[in-house]
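# Examining the three-dimensional arrangement
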Amino acid sequence: MKIHLTINGKNYSHDVEPRLLLIHYLRENAALTGSHVGCETSLCGACTIELDGKAVKSCTMFAVQADGAKITTIEGLANDGKLHGVQEAFWNEHGLQCGFCTPGMIMASKQIIDRNHAPSDAEIRHGLEGNLCRCTGYQHIVNAVKAAAAAAGK
Amino acid sequence: MATTITKTETLVGKRIRRREDPRLITGTATYVEDIQMPGMHYAAIVRSPHAAANIRSIDVKAAAAAPGVVAVFTGKDTEKVGPVPCGASLPDLRVPHHHIMAIDRVYYVGHAVAVVVATDRYLARDAADLLEIDYDVLPAVADPEKALAPGAPAVHPQWPDNTAFNYHQEGGDIAKAFADADVVVKQRITSQRLVPNAMETRGVVAEWRGADRQLNLYTSTQVPHLVRTLVAGMLGLEENRMRVIAPEVGGGFGSKLNIYAEEALMGFVAMKIGKPVKWIESRRENFLTTIHGRGHVDYYEVAAKKDGTILGIKLKIIQDLGAYHQLLTPAIPTLSVLMMPGLYKTKNVSADIVGVFTNCVPTDAYRGAGRPEATHGIERMVDILADELGMDPAEIRLKNFVANEEFPYPTATGLTYDSGNYAAPLDKAMALADYSKILQEQVEARKQGKLVGIGISTYGEICAIGPSPATPAGGWESATVKIEPSGTVTVMTGTCQTGQGEETTFAQIAADELGVDIDNILVLRGDTSIVQYGIGTFGSRATAIGGTALYFALQELKAKVKLFGAMLLESDDVTFSGGQVTCNKSGKTKGLAEIAGATYRAMKLPPNTEPGLVATHFWEPPNFTFPFGAHIVITDIDKETGDIAIRRYIAVDDCGNIINPLIVDGQVHGGVAQGLGQALWEQAVYDDNGQLITGEFMDYAMPRAHMMPWIESSHTITPTNVNPLGVKGVGEAGTIGCSPAVVNSVVDALSHLGVRHIDMPLTPEKIWKLANAGGTN
Ligand code: FES
Ligand code: FES
């Protein structure tokens, strides 16, 4: 099936098998390997992207279901070499160690802040429920989301 | 907050944001799965659904004929590949031959039986389903105590008692200690099987360049050089024809401190098909086939005087080994024995280990590797003893601590504790917790029928593993420092980070020593063709040993820089600091770049000196380091639901000097999360048929953001004199300190109901039953 999508502001079209997962399309057809596969069963969030303004787990969708969508992946967050506020905050606050969960975490965190300009600790933790991190114990991630929200509010 | 970096600043000790992060936060880092090559093929591994079975036949015809399939290999095809190595040696250890794929019998669910190679990952998986394997299912045993019972199914038919080894160690006079005792407390304590679950599963890309006889192996590992030596051996390939690259590694926690069948298997496949091949472990495979951790049943007896003085400790460990020995499997419980006295003075110990085969995936090193089990045991026993004697848990610990003036302290298990001030973190944690106030509050709460618990653990740790005689493959570490002609600095370390941040901490060390801007420094690791031989990252060793190797390489270079500087300044009275050599008489200076240029241009050389500025140092540590700390956990238990709420988590860790406090905090948080996972939620459960019931994230409860308490992390600092940096290591401390503090807290909350011990994980169901009925689970 032929699909057309906009990813990080660029147009992509490919002929794909109906069963191709969106995460595999992004990583292999579009060569955007920033989104990761941690489980393939929608339980870890490593594959989180933004699709038509919503954070979604791209391992739970087929590429054909995303036909016509506007997608932002981790690679599309920085603008003209300037990091997005959430990226900057993850860096400043040491919100990552091995970095494998990080692209998904950043995309999920961005959505938390997009929806709630001053999230509480509990709201941040709730918003990150779908994203597993084995390295950080989440504390520095919570700090990063708070810092990013504060910086965005300024 | 990050600090801005200027050239004159001392960087060691600063909260500097990490230099590896830009690629990680922009999605541009390269993990194994991100590697693409022209002509890449994909492997899918067919695995046993049975824990024990004879393989009657395998029919590969349909799979081999499926679209896109280029090859199918079974265990018979790979029979000549060398066995998966076990590096541990114990007296009379039984070592089953560990083929990279099963040949005529499978020993655990997930055991590799065949590999299908296709041009596309989906086609490889499709074809894998077409393999017809006829199994003759046999009885299995998955529980180590059941495996020891007479008549249990034999995991390996040649050893019907399922015993891989018996190990005994003792120190002092254990019989006298128990004869002199006023009180002896006994308890069975388990440390359940855990799944390490690095977020990046394992993965291998193998590329064979036949004309050059060159095998390039990209693998997600903590030990690339060991992989090269051992996998080259398994494949019968000359070691210098193999290049192992650990690109970005998405977490390891010990699970990637190993040599896995798939590393050799992908090498084998690439050499057979002459094309690059990629295998990425699915999460399901990760649960089933990457090593598990823990798996202890421990029987403790502690002898003491009425005043709380511990006289002796007896321990019997039943270690669930799984079906095979992976790299260090049988050695892990011996670390528990070394650590069994904890921070306490007692000189009388006796330990026995029975290593037991089960039809499960092997256990091996998982964050802490043997030390969490030992610490959990002794810290639980000290609480049980305090309870028996009516003493305060803090008081009994303070009474038995090795005293400050006793260091270096030779332990009953043959170690020498380097340095310590064991009361310091406990005092600090008690002050932070407002200990006497919270005790008072607990009394009031109990009157109102509320359940409040206060739990202490004071842990000790073996880090900087380790002196070579104590390790199977060398315990040193290496570093090379090159100052290039332009004055930029490249560090190559034999350690291999999986998230610990050595690209930053090592750059901090080098920047300070050379007095140059940190941006001039590049730290490389993880490629056997670039980096000199190294051991790797595990056992909280990277900074303490790898950082020290770096420190000594830098000293060597500094001496040479000074020599060239003196020559250029035509003076023999010079100082090297702040990135330049200064003539102490004239005050004239030469910068590092100019000197570096002169060493390569070599117009003139100081006497007996060669051109260039490169130094390599292999550092052999004279001892381990022994960090310590105190964690205090305050819990509130909901009697109606059995839920445990952690009101406060106070961690005071002493890991010696700190290079980067931001990174150290991160290590503590992550460590505590894994300790808490064990204490409250995680457990690898096999049923009686050897099926892993908790084999997905759906069933295996990993800590998530909303489950974690706020961790109040602080430190005391007692440097070690084992290395010149004074650093001890912190990678595993959080995990080790955590589980006993949590369990002690919950047991404390229920102690007035007659609860004395609860085995992990402390599920709400267990707690609800105890809160409402009392007793011991
Ligand atoms: S890979 Fe999509 S949620 Fe885990
Ligand atoms: S940083 Fe490693 S999994 Fe989150």
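About the criteria used
- Residues numbered from 1 in each chain as written.
- Chains lettered and ligands numbered in written order.
- Predicted model: local features only at pLDDT ≥ 70, side-chain atom pairs only at ≥ 80, totals over all residues.
- Heavy atoms only, no water.
- Helix = DSSP H or I, 4+ residues; strand = E, 2+ residues; numbered from the N terminus.
- Rg over C-alpha atoms; globule rule 2.2 N^0.38 Å.
- Buried < 20%, exposed > 50% of the residue type's maximum accessible area, 1.4 Å probe, protein only.
- Contact = heavy atoms within 4.5 Å.
- Axes fitted to C-alpha atoms, helices over the stretch in contact; angles between N-to-C directions.
- Parallel < 35°, antiparallel > 145°, perpendicular 65-115°, else oblique.
- Left-handed = near helix turned anticlockwise from the far one by under 90°.
- Core = buried A, V, L, I, M, F, W, Y, C linked by side-chain atoms within 4.5 Å.
- Phe/Tyr/Trp six-rings, centres within 6.5 Å; stacked < 30°, edge-to-face > 60°.
- Pairing = 2+ DSSP bridges.
- Salt bridge = Lys/Arg side-chain N within 4 Å of Asp/Glu carboxyl O.
- Buried area = accessible area lost by both parts, 1.4 Å probe.
- Polar contact = N/O pair within 3.5 Å; in protein donor to acceptor, adjacent residues only side chain to side chain.
- Nonpolar A, V, L, I, M, F, W, Y, C, P; charged D, E, K, R; others polar.
- Domains from an automatic or database assignment.
- Arc of directions from axis to C-beta.

Counting secondary structure elements, chain B contains 19 helices and 28 strands. Relative to a compact globule of 777 residues, whose C-alpha radius of gyration would be 28 Å, chain B shows 28 Å and is just as compact. Along the longest, intermediate and shortest principal axes, the C-alpha atoms of chain B span 85 × 75 × 45 Å. Counting over 777 residues, chain B shows a buried share of 65%. In chain B, the proportion of contacts linking residues at least 24 apart, taken out of those at least 6 apart, comes to 79%.

To continue, consider the packing of helix α3 (residues 102-115) of chain A against helix α5 (residues 139-153) of chain A. Residues and elements named next belong to chain A. Running from amino to carboxyl end, α3 crosses α5 at an angle of 45°, the nearest separation of the two axes being 10 Å. Classified by the angle their axes make, α3 and α5 are oblique. Like other packed secondary-structure pairs, α3 and α5 cross with a definite hand, here right-handed. Across from Met105, Ser109, Ile112 and Ile113 in α3, the residues of α5 making contact are Ile141, Val145, Ala148 and Ala149.

A word on the nonpolar core. The biggest cluster of nonpolar side chains holds 218 residues, and the ones touching the most others in it are Phe90(A), Val115(B), Met266(B) and Leu750(B). For this core, the leading source of residues is helix α18 (residues 733-750) of chain B, giving 10 residues. Setting aside its immediate chain neighbours within four residues, Leu750(B) contacts Leu451(B), Ile637(B), Val755(B), Ile758(B), Ile767(B), Leu770(B) and Ala771(B). Residues Ala511(B), Leu557(B), Met567(B) and Val727(B) belong to the second largest nonpolar core, which totals 44 residues.

Before going further, it helps to spend a moment on the packing of aromatic side chains. All names here are of chain B. In total, this model carries 16 aromatic pairs over all chains according to the counting rule given. With a centroid separation of 5.7 Å and 10° between ring planes, the pair formed by Trp159 and Phe357 is classed as stacked. Of this pair, Trp159 sits in the loop between α4 (144-148) and β7 (163-171) while Phe357 sits in strand β15 (residues 349-357), placing them 198 residues apart in sequence. Residue classification places Trp159 among the buried residues on the basis of a relative accessible area of 15%. Centre to centre, the rings of Tyr344 and Phe401 are 5.9 Å apart; their planes meet at 0°, and the pair counts as stacked. Of this pair, Tyr344 sits in the loop between α9 (332-338) and β15 while Phe401 sits in the loop between α11 (393-400) and β16 (409-410); the two residues are 57 residues apart in sequence, bridging distant segments of the chain.

Moving on, we get to the sheet that holds strand β6 (residues 132-137) of chain B. Residue and element names in this part refer to chain B. Taken in spatial order, the 3 strands make up an open sheet running β4-β2-β6, and their pairing is antiparallel. The sheet is open, and its two edges are formed by β4 (105-106) and β6, each paired on a single side. The pairing of strand β2 (residues 53-59) with β6 spans 6 bridges and is classified as antiparallel. Bridge pairing links Ile58 to Ile133 in β6.

Two side chains that carry opposite charge are able to pair once their charged atoms sit near each other. All names here are of chain B. Inspection of the entire model under this criterion finds 49 salt bridges over all chains. Glu388 is the salt-bridge partner of Arg756, the closest N and O atoms lying 3.7 Å from each other. One end of the pair, Arg756, is in the loop between α18 and α19 (764-773); the other, Glu388, is in helix α10 (residues 371-389), and 368 residues separate them in sequence. Judged by relative accessible area, Arg756 falls into the partly exposed class, the value being 24%. A residue is classified by how much of its surface remains accessible, and Glu388, at 47% relative accessible area, is partly exposed. Put simply, Asp418 and Lys728 hold a salt bridge, and the shortest N to O gap is 3.5 Å. Taken together, the residues Asp418 in the loop between β17 (416-417) and α12 (423-433) and Lys728 in the loop between β28 (711-715) and α18 connect sequence positions 310 residues apart. Linked through salt bridges whose partners overlap, the residues forming this network are Arg47, Arg202, Glu262, Glu281 and Glu285.

Taken together, the contact between chain B and chain A spans 55 residues of the former and 51 residues of the latter. In this assembly, chain B packs against chain A so that about 4700 Å² is buried in total across both faces, 54% of it on carbon and sulfur atoms. For chain B, the biggest contributors to the area lost against chain A are Ile25(B), Tyr122(B) and Met199(B); these three give 17% of the whole. Counting every contact that joins chain B to chain A gives 6 salt bridges. For Asp34(B), the salt bridge is made with Arg27(A), and the minimal N-O distance between the two is 2.7 Å. Connecting chain B to chain A are 31 residue pairs in polar contact (both at pLDDT 80 or more). Broken down by secondary-structure element, the contributors of at least two residues to the side of chain B that touches chain A are α1 (21-25), α3 (121-128) and α17 (661-681) of chain B. With 9 residues, α17(B) is the single largest residue contributor to the side of chain B that touches chain A. Looking at side-chain class alone, the side of chain B that touches chain A contains 27 nonpolar, 14 polar and 14 charged residues.

Residue and element names in this part refer to chain B. Partitioning chain B into structural domains gives domain 1 (2-29 + 476-619), domain 2 (32-138 + 201-249 + 256-289) and domain 3 (296-466 + 623-773). If you average the C-alpha positions of domain 2 and of domain 3, the two centres end up 37 Å apart. Listed per partner, the contact involves 30 residues of domain 2 and 24 residues of domain 3. For the pair domain 2 and domain 3, the summed buried area comes to about 2400 Å², and 66% of that belongs to carbon and sulfur atoms. In this structure, the connection of domain 2 to domain 3 is made through 0 salt bridges. The dominant element in the side of domain 2 that touches domain 3, judged by the number of residues it contributes, is helix α8 (residues 283-289), at 5 residues. Here the side of domain 2 that touches domain 3 is composed, by residue class, of 20 nonpolar, 7 polar and 3 charged.

What follows covers the environment of Asn744(B). Residues and elements named next belong to chain B. With respect to the helices, strands and loops of the structure, Asn744 is situated in helix α18. Assessed through its relative accessible area of 1%, Asn744 is described here as buried. Residues Asn744 and Ile456, spaced 288 residues apart in sequence, show a C-alpha to C-alpha distance of 6.5 Å. Among all residues touching Asn744, those that are not within four sequence positions of it are Glu379, Arg380, Asp383, Arg397, Ile454, Gly455 and Ile456. A polar atom in the side chain of Asn744 sits 2.9 Å from the backbone oxygen of Ile456.

Time to look at α12(B). All names here are of chain B. For α12, the complete set of buried residues consists of Pro425, Leu426, Ala429, Met430 and Ala433. End-on, the buried residues of α12 take up no more than an arc of 135°, which puts them together on one face. Where α12 is buried, its residues touch α11, α13 (435-447), β18 (451-460), β26 (628-637) and β27 (644-654). Of the residues trailing α12, Asp434 is marked for its positive phi of about 55°.

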